[in-house]
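One letter stands for each residue in the lines below.
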Amino acid sequence: MKKVFRKKSLLALLILAALLALLAGGGGREEAAVPQAEEEEAAPWAVMPENPAPMTGETISVYNWGDYIDSDVIDIFEAETGIRVIYETFETNEDMYAKIALGGSSYDVIVPSDYMVERMIQEKLLQPINWNNVPNVKNIDPRFTHESYDPDFAYAVPYTWGTMGILYNTQTVLERPTSWDILLDEEYRMDMFMLNSPRDTLAIALVMCGHDLNSVDPADLADAKALLIEQKPLVLAYVVDEVKDKMIAGEASLALVWSGDATYCMSESDELDYVVPEEGSNIFYDALCIPANARNVSGAEKFIDFLCRADIAAMNYEYVGYAIPNQAAIELMGEQAYNASPVNNPPQETLDKCQVFKYLGDETRLYDTIWTEIISEF
Ligand code: SPD
């Protein structure tokens, strides 16, 4: 099972066990051997209740990104509440939006990013959240509420945040890249992955062309398109969730990724590192929302409140690997330990160069058209 921060916790446990064995004076005795790594598991922040609640027959339907929740979190929720979670995943905001906007499906909790929250509020696809039923929202750091995509803090509970950057293999990329330009370097022909996500990949191409990453100027977008078409021979594949296993397996030298996925890859391979290039990038916020046509609003509120609980948010952070806005969970884990990750805690100088995506209204169609043209170009 994927546990992003397990390795480090395990190492600390092993060191502690070795020290205890030495202090006990049993260093020379065979039976006092240090426990084997594979037998050890760090204590989880939250645990299954000893007496699970009987299943009530109630269900909630959750639509989330791939690899974006610890399945133990779902199990504990079900055991505590007796509510069964029907869980589906998507890979991009656009896929999720298309499914909801078509109207054929009903979910109780979804996890759009900033610009998609903004769009779905405008299109009345979300409903305001009754905060009286989500008391653990108090755990969310106020610096993450009232963001431009939900200025009245009415529709969206911040779940995770991160940056977009380059994950690179230090065995083949010998100097730490400082510029996005490396994504056009012939030396890495068929040796890089790009995100199969129109808004993200076009944003980076816009930045590489010196344009604003929220630009809707057709001339800017034509530049971005030309750049991505020029880059195509260097790209091994356009992927989303698969990028993690592929980079860990050493299938390419470079990948455009979201920071939390970089955190996971770096926990699995010492050869990988992450950089946000100096031209700047995107900072994103993913949020828990209740669609306007949700069938079980009270179940959705319970689930969102559960995810905001400090012990659950801490447990989930260890699995998901993305930075979290839950201050109570960060305090539980220890601010120092949490902030030790330069990927999830980038310097202010880096953050100052990052911008949030805005919803671009009708111009979104231009992005979709251009992306289809790029992907189908041979
Ligand atoms: N594997 C889960 C990835 C979720 C990342 N969300 C990124 C949003 C970028 N706009």
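Whatever comes next refers back to the structure up there.
In this text the structure is predicted, and so the values were computed from the model without any measurement. (Residues numbered from 1 in each chain as written. Predicted model: local features only at pLDDT ≥ 70, side-chain atom pairs only at ≥ 80, totals over all residues. Heavy atoms only, no water.)

Asks: Give me the lowdown on helix α5 (residues 198-208), citing residues and values where you can.
Replies: Counting buried residues along α5, 11 of its 11 residues qualify, which places the element largely inside the surrounding structure. Trailing α5 by a residue or two, Gly210 shows a phi angle of about 85°, which is positive. (Buried < 20%, exposed > 50% of the residue type's maximum accessible area, 1.4 Å probe, protein only. Helix = DSSP H or I, 4+ residues; strand = E, 2+ residues; numbered from the N terminus.)

Asks: Lay out the pairing of strand β5 (residues 192-195) in plain terms, naming residues and giving numbers.
Replies: Residues Met192 and Met194 line one face of β5 and the alternating positions Phe193 and Leu195 line the opposite face, and both faces are buried. Two elements, β5 and strand β6 (residues 235-239), share 4 bridges in a ladder whose sense is parallel. If you follow Met194 over to β6, its bridge partner there is Tyr238. Alignment of β5 against strand β7 (residues 254-258), held across 2 bridges, turns out to be parallel. Residue pairing in the sheet places Phe193 in a bridge with Ala255 of β7. (Pairing = 2+ DSSP bridges.)

Asks: Could you give an account of the packing of α5 against helix α6 (residues 218-231), naming the residues involved and the relevant values?
Replies: For the pair α5 and α6, interaxial distance at closest approach is 8 Å and the crossing angle is 100°. By the angle between their axes, α5 is roughly perpendicular relative to α6. Between α5 and α6, the contacting residues are Thr201, Leu202, Ala205, Leu206 and Met208 on the first element and Asp220, Leu221, Ala224, Leu227 and Leu228 on the second. When grouped by side-chain class, the residues that make up the contact of α5 with α6 number 8 nonpolar, 1 polar and 1 charged. (Axes fitted to C-alpha atoms, helices over the stretch in contact; angles between N-to-C directions. Parallel < 35°, antiparallel > 145°, perpendicular 65-115°, else oblique. Contact = heavy atoms within 4.5 Å. Nonpolar A, V, L, I, M, F, W, Y, C, P; charged D, E, K, R; others polar.)

Asks: Explain the packing of aromatic side chains residue by residue, including any values.
Replies: Evaluation of the coordinates by the stated rule reveals 17 aromatic pairs. Relative to Tyr159, the ring of Tyr68 has its centre 5.5 Å away and its plane inclined at 80°; by these criteria the two rings are edge-to-face. With Tyr68 in the loop between β1 (59-65) and α2 (71-81) and Tyr159 in strand β4 (residues 157-169), the pair connects residues that are 91 residues apart, well separated along the chain. Given a relative accessible area of 3%, Tyr68 falls into the buried group. (Phe/Tyr/Trp six-rings, centres within 6.5 Å; stacked < 30°, edge-to-face > 60°.)

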